[in-house]
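Understanding the architecture of this molecule
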Amino acid sequence: MNLVTVSGPPSTGKTAVILKTIESYKKQNVNVGVIKFDCLYTDDDILYEKAGITVRKGLSGGLCPDHYFVSNIEEAFEWGQKEGFDVLISESAGLCNRCSPYIKDVKAICVIDNLSGINTPKKIGPMLKSADIVVITKGDIVSQAEREVFASRVHTVNPGATVMHVNGLTGQGSFELSTLLYDRSLDTETLKGKELRFSMPSALCSYCLGEKRIGEQYQMGNVRKINLEES
Amino acid sequence: MSLSVKESTLGEILNKYPFAAAYLEQQNLKVEGRENMSLNEYLSSLSEDEIEERALDRTALIEGLESYIAQMLAFLGEEEQKVSSLSILSGADKSGEPEGFDDFTIRTGEIIAIVGPTGSGKSRLLGDIEWVAQRDTPTNRQILINGKVPDSKWRFSTSDKLVAQLSQNMNFVMDLTVEEFLHLHAESRMVENRDEVVRKIISCANDLAGEKFELTTPITSLSGGQSRALMISDTAILSRSPIILIDEIENAGIDRKKALSFLLSQEKIVLMATHDPMLALLGDKRIVIKNGGIHKIIETSSEERAMLEEIEKVDRKVQNLRASLRRGEILTRESF
Ligand SMILES: Nc1nc2c(ncn2[C@@H]2O[C@H](COP(=O)(O)OP(=O)(O)OP(=O)(O)O)[C@@H](O)[C@H]2O)c(=O)[nH]1
Ligand SMILES: [Zn+2]
Ligand SMILES: [Zn+2]
């Protein structure tokens, strides 16, 4: 089974792009399943089911969704193998710009949109910088010039990636994307022992553990203070 | 002679490849005061805490700079490949029936209209052209450029895209003035004589739009016609894409005929998805799309061309009525 990890800021069009891409696979008899990771809430599973795609979802609740992802992806992978998928696509909402769910030797796709602002590529960390393919959506509502400027920023941040434009509404570009995702010869046997592309921050503070009170005496663990002196 | 990123100082690198500044800037690396260090020395001088805090990956940053420089040099060194024709070799429609033509060649300076109901396969045709399909897409079409199987760079390059798109739904979204915006675009295209190019774009845009705008106008507050005019002028002058796809142009606030002839004067191939007879009949030919395939290709007849003048006359009348309504006037038979 191929595993493909798709990540990106909220509402950039991950689900739309994945749905359109799977449509192209259906015609080629490639069997695809989806596992969706989110934080508090998602309706995406319903969208996938409506399209006739087998899907499971996991909500991380109090955890950073990417941390939750790493602790669950192995089981998800085994589920996909049991279901007999040719490709398992994981969709995860990138919420903190610091973590990313990408695994070494597993295809990594970042979805961002043209509306997010010219400085967004610079702000997004490993989720964008270490992706193999960057998909840019919502090109149908901005000018050609903005598309070009945005794509060139993405290229500057991650010169090694293939940058593609996909329209999540019409599906333009999704067939092309599908040709880059699935490769029978790149089947992954197991995730055991594989490594993340980028370590997650080790920071763990009292607030991670449920503390609510504000004040120095309540702060334990990894506490970092803002420098208000310099500008 | 190219410099080795690993062995050169940042100062040497920026001296030889000024464009590398953009890469370092986008990675949040501050060169000032570190000109005598190599990138590796700079990254090694950061504490593990800092590296983690800023989510930096030393190896990836160094490899990234190497690959950025190599790609930019290739981009700058390469002669702009002149596209003088685009050929579509026929494939099949959704039901697998062969398309209604054998092959079709479009040359620069031609306008081709695309007609057919929504969902009939217009975006697939466009997709085939952008992806320079080689019988490897659902339609099984093949695309040739200048009569030959094209370089695969057209598929993946960020800087060289075959098709630029202009559509009715597009709006400017960036928070910049016209001048800042055009400079930014020119910069991302690595254009050298930026001031001159920016001036040229503005003057062409003002020529196309009914109402003139200033360099200091925020792009998001341009009127519909002004936005359209700026988009067309900018795309014609700054975009390297040889093919322009236009998805309808509103018949308001912009001289559409002038806009089209301007694009053609920049040696572009213009594809135009439209059901507006005034635009469609301006085309040399029109592609009729049906059930996912090209059903037929119609050459604009001399009768149609003659009708165009009459259609334009009717349109001017309707435009005048519109203007009268806007002015609060009462419409009369004579004014029609
Ligand atoms: N105009 C336009 N809208 C798009 C495009 N792609 C997606 N959308 C719309 O953007 C909204 C968000 O798309 P989703 O696919 O749900 O985004 P997502 O990234 O999966 O969102 P989360 O999973 O909730 O983080 C939907 O309303 C889509 O219809 C596009 O290319 N153009
Ligand atoms: Zn989603
Ligand atoms: Zn996180």
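Residues numbered from 1 in each chain as written. Chains lettered and ligands numbered in written order. Predicted model: local features only at pLDDT ≥ 70, side-chain atom pairs only at ≥ 80, totals over all residues. Heavy atoms only, no water.

1. Quick word on the domain arrangement of chain B
Residue and element names in this part refer to chain B. Along its sequence, chain B is carved into domain 1 (10-76) and domain 2 (85-300). Relative placement of domain 1 and domain 2: their C-alpha centres are 37 Å apart. In this complex, domain 1 contributes 4 residues to the contact, which on the side of domain 2 involves 5 residues. Approximately 390 Å² of surface area, both sides summed, lies buried where domain 1 meets domain 2, with 80% of it carried by carbon and sulfur atoms. By the criterion of area lost to domain 2, the three top residues of domain 1 are Met72, Phe75 and Leu76, representing 91% of everything that side buries. If you look at where domain 1 meets domain 2, you find 0 salt bridges. On the surface where domain 1 and domain 2 come into contact, there are 0 residue pairs in polar contact (both at pLDDT 80 or more). Tallied by class, residues from the side of domain 1 that touches domain 2 come to 4 nonpolar, no polar and no charged. (Domains from an automatic or database assignment. Contact = heavy atoms within 4.5 Å. Buried area = accessible area lost by both parts, 1.4 Å probe. Salt bridge = Lys/Arg side-chain N within 4 Å of Asp/Glu carboxyl O. Polar contact = N/O pair within 3.5 Å; in protein donor to acceptor, adjacent residues only side chain to side chain. Nonpolar A, V, L, I, M, F, W, Y, C, P; charged D, E, K, R; others polar.)

2. Notes on the site of ligand 1
All names here are of chain A. Neighbouring residues of ligand 1: 18 residues in total, closest Lys14, Thr15, Ala16, Lys36 and Gly168. Within the side chain of Asp44, one N or O atom sits 3.0 Å away from an oxygen atom of ligand 1. Coverage of ligand 1 by the protein chains reaches 74% of its 660 Å² of free accessible surface. The element that contributes the greatest number of residues to the shell around ligand 1 is helix α1 (residues 14-27), accounting for 3 residues. Considering only residue class, the shell around ligand 1 consists of 5 nonpolar, 7 polar and 6 charged. (Near = heavy atom within 4 Å. Areas by Shrake-Rupley, 256 points an atom, 1.4 Å probe, with all protein chains shown as cover. Helix = DSSP H or I, 4+ residues; strand = E, 2+ residues; numbered from the N terminus.)

3. Some remarks on helix α9 (residues 194-208) of chain B
Residues and elements named next belong to chain B. Along its 15 residues, α9 runs 21 Å from first to last C-alpha, staying within 8% of the 21 Å computed at 1.5 Å per residue. Buried residues of α9: Val197, Val198, Ile201, Ile202, Cys204, Ala205, Asn206 and Leu208, and no others. If you follow the buried residues of α9, they end up packed against α8 (178-188), α10 (224-238) and α11 (256-265). (Expected span 1.5 Å × (residues − 1). Buried < 20%, exposed > 50% of the residue type's maximum accessible area, 1.4 Å probe, protein only.)

4. Points about the sheet that holds strand β7 (residues 269-273) of chain B
All names here are of chain B. With mixed pairing, the 6 strands of this open sheet are ordered in space as β5-β6-β7-β3-β8-β9. Across the chains shown, the open sheet's two edge strands, defined by having one partner strand only, are β5 (163-167) and β9 (293-299). On average, each strand axis in the sheet is tilted by 20° relative to the strand beside it, whichever way the strands run. Sitting on the sheet, α10 is in contact with β5 and β6 (243-247), with an inclination near 170° to β5. (Pairing = 2+ DSSP bridges. Axes fitted to C-alpha atoms, helices over the stretch in contact; angles between N-to-C directions.)

5. A word on the packing of aromatic side chains
Taken as a whole and assessed by the stated rule, the structure comprises 9 aromatic pairs over all chains. With a centroid separation of 6.2 Å and 85° between ring planes, the pair formed by A:Tyr25 and A:Tyr182 is classed as edge-to-face. A residue pair is termed long-range when its members are at least 10 positions apart, and A:Tyr25 in helix α1 and A:Tyr182 in the segment after α7 (174-181) qualify at 157 residues. Each ring, one from B:Trp131 and one from B:Phe156, has its centre 5.5 Å from the other, and the planes form 85°; the classification is edge-to-face. Here B:Trp131, found in the loop between α6 (122-130) and β4 (142-145), pairs with B:Phe156, found in helix α7 (residues 153-156); they are 25 residues apart in sequence, far enough to count as distant. Residue class for B:Trp131 comes out buried when judged on its relative accessible area of 5%. Looking at B:Phe156, the relative accessible area reads 34%, which means it is partly exposed. (Phe/Tyr/Trp six-rings, centres within 6.5 Å; stacked < 30°, edge-to-face > 60°.)

6. Considering the confidence of the model for chain A
Summing up the model confidence of chain A, the mean pLDDT is 88 and the portion of residues at 70 or higher is 95%. Within chain A, helix α4 (residues 120-123) of chain A has the poorest average pLDDT of any element, 89, and strand β6 (residues 133-137) of chain A the best, 97. (pLDDT = per-residue confidence, 0-100.)

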